[in-house]
Amino acid sequence: NAGVMQNPRHLVRRRGQEARLRCSPMKGHSHVYWYRQLPEEGLKFMVYLQKENIIDESGMPKERFSAEFPKEGPSILRIQQVVRGDSAAYFCASSPSFGSTGELFFGEGSRLTVL
Amino acid sequence: GENVEQHPSTLSVQEGDSAVIKCTYSDSASNYFPWYKQELGKRPQLIIDIRSNVGEKKDQRIAVTLNKTAKHFSLHITETQPEDSAVYFCAAARSQGNLIFGKGTKLSVKP
């Protein structure tokens, strides 16, 4: 059973470009979470999605950031018009349902560098 | 919303000593408290968790205690080994909620 798969693992963008990060949850998991980790800092919650629904996006900036988890395919975190401050590691995690074990299974992360 | 504070931010111990990391949380409705270990450049991995219906849980050299009244919980690692060196994150969540993490503790175990 493959774990949470994220791609790309590393992404370099110039200011003003768009970044798209993909996350395929573990098989059988229908809940996806995105976290951002700045260097030497903790994991900051961004958004929680179930298939075709955004459950909680309270941690996601209102502008330039969007997330989706379509019926088919991976979850996508999209950052438009990137700025240097967007440089970070973006971790995706999945769970079967929060009411079960509560454990989140994390992917290896996508490291975004904005030049 | 929930706020999780974690201390200390860095901790250095000699191999064989014990290490203790403490966290406090603000949301009295939180009922799930996991601890994650993150090695450099790697993904966070769950090492132990505790739910609000118990006060203590142990797994070999790792134990977690929870004081719901005071809203704090702690991670205890005994007989530390160099491979325990990593960043440790505590987190808290309520049912059907997302995990809110502390800022992490960088543990260094010196041989």
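Residues numbered from 1 in each chain as written. Chains lettered and ligands numbered in written order. Predicted model: local features only at pLDDT ≥ 70, side-chain atom pairs only at ≥ 80, totals over all residues. Heavy atoms only, no water.

Colleague: Describe in detail unusual backbone geometry, supporting the description with residues and values.
Modeller: Cis peptide bonds are those with omega within 30 degrees of zero, and the linkage from A:N7 to A:P8 qualifies with 0°. Backbone torsion omega between B:H7 and B:P8 reads -5°, so that peptide bond is classified as cis. Phi at A:E52 takes a positive value of approximately 65°, unusual for a residue other than glycine. Position of A:E52 relative to the elements: it lies in the loop between strand 5 (43-50) and strand 6 (53-56). (Helix = DSSP H or I, 4+ residues; strand = E, 2+ residues; numbered from the N terminus.)

Colleague: Residue-level account of the packing of aromatic side chains, with values.
Modeller: Evaluated as defined, the whole model comprises 13 aromatic pairs over all chains. Ring centres of A:Y35 and A:F45 lie 5.9 Å apart, and the angle between their planes is 70°; this geometry places the pair in the edge-to-face category. Linking A:Y35 in strand 4 (residues 31-37) with A:F45 in strand 5, this pair joins segments that are 10 residues apart in sequence. Clustering of aromatic rings is evident, with ring pairs tying together A:Y35, A:F45, A:F91, A:F106, B:Y36, B:F89 and B:F101. (Phe/Tyr/Trp six-rings, centres within 6.5 Å; stacked < 30°, edge-to-face > 60°.)

Colleague: A description of the interface of chain A and chain B should follow, citing residues and the corresponding values.
Modeller: A common way to express how large an interface is: the accessible area buried when the components associate. Listed per partner, the contact involves 21 residues of chain A and 22 residues of chain B. Between chain A and chain B, a total of about 1,700 Å² is buried, with carbon and sulfur atoms accounting for 54% of that surface. At the junction of chain A with chain B, the criterion picks out 1 salt bridge. Here A:E108 ties to B:R43 by a salt bridge, and the two come within 3.3 Å at their closest N and O atoms. At the level of elements, strand 4 and strand 5 of chain A are the ones that each hand at least two residues to the side of chain A that touches chain B. (Contact = heavy atoms within 4.5 Å. Buried area = accessible area lost by both parts, 1.4 Å probe. Salt bridge = Lys/Arg side-chain N within 4 Å of Asp/Glu carboxyl O.)

Colleague: Give a detailed account of the pairing of strand 4 of chain A, specifying residues and quantitative values.
Modeller: Residue and element names in this part refer to chain A. Within strand 4, 7 of the 7 residues are buried, leaving the element largely enclosed by the surrounding structure. The alternating pattern of strand 4 places H31, Y33, Y35 and Q37 and V32, W34 and R36 on opposite faces, both of which are buried. The pairing of strand 4 with strand 5 spans 7 bridges and is classified as antiparallel. Bridge pairing in strand 5 places Q37 opposite L43. (Buried < 20%, exposed > 50% of the residue type's maximum accessible area, 1.4 Å probe, protein only. Pairing = 2+ DSSP bridges.)

Colleague: I'd like to hear about the state of the cysteines, residue by residue, with values.
Modeller: Residues and elements named next belong to chain B. With the rule as written, the count across this model stands at 2 disulfides over all chains. Note that C23 is cross-linked by a disulfide to C90, the S-S spacing being 1.9 Å. The disulfide joining C23 to C90 has a torsion of about -100° about its S-S bond and is therefore left-handed. Residue C23 is found in strand 3 (residues 19-25), and its partner C90 is found in strand 9 (residues 86-92); the two are separated by 67 residues along the sequence. (Disulfide = S-S within 2.5 Å.)

Just geometry here; none of it tells us what the structure is for.
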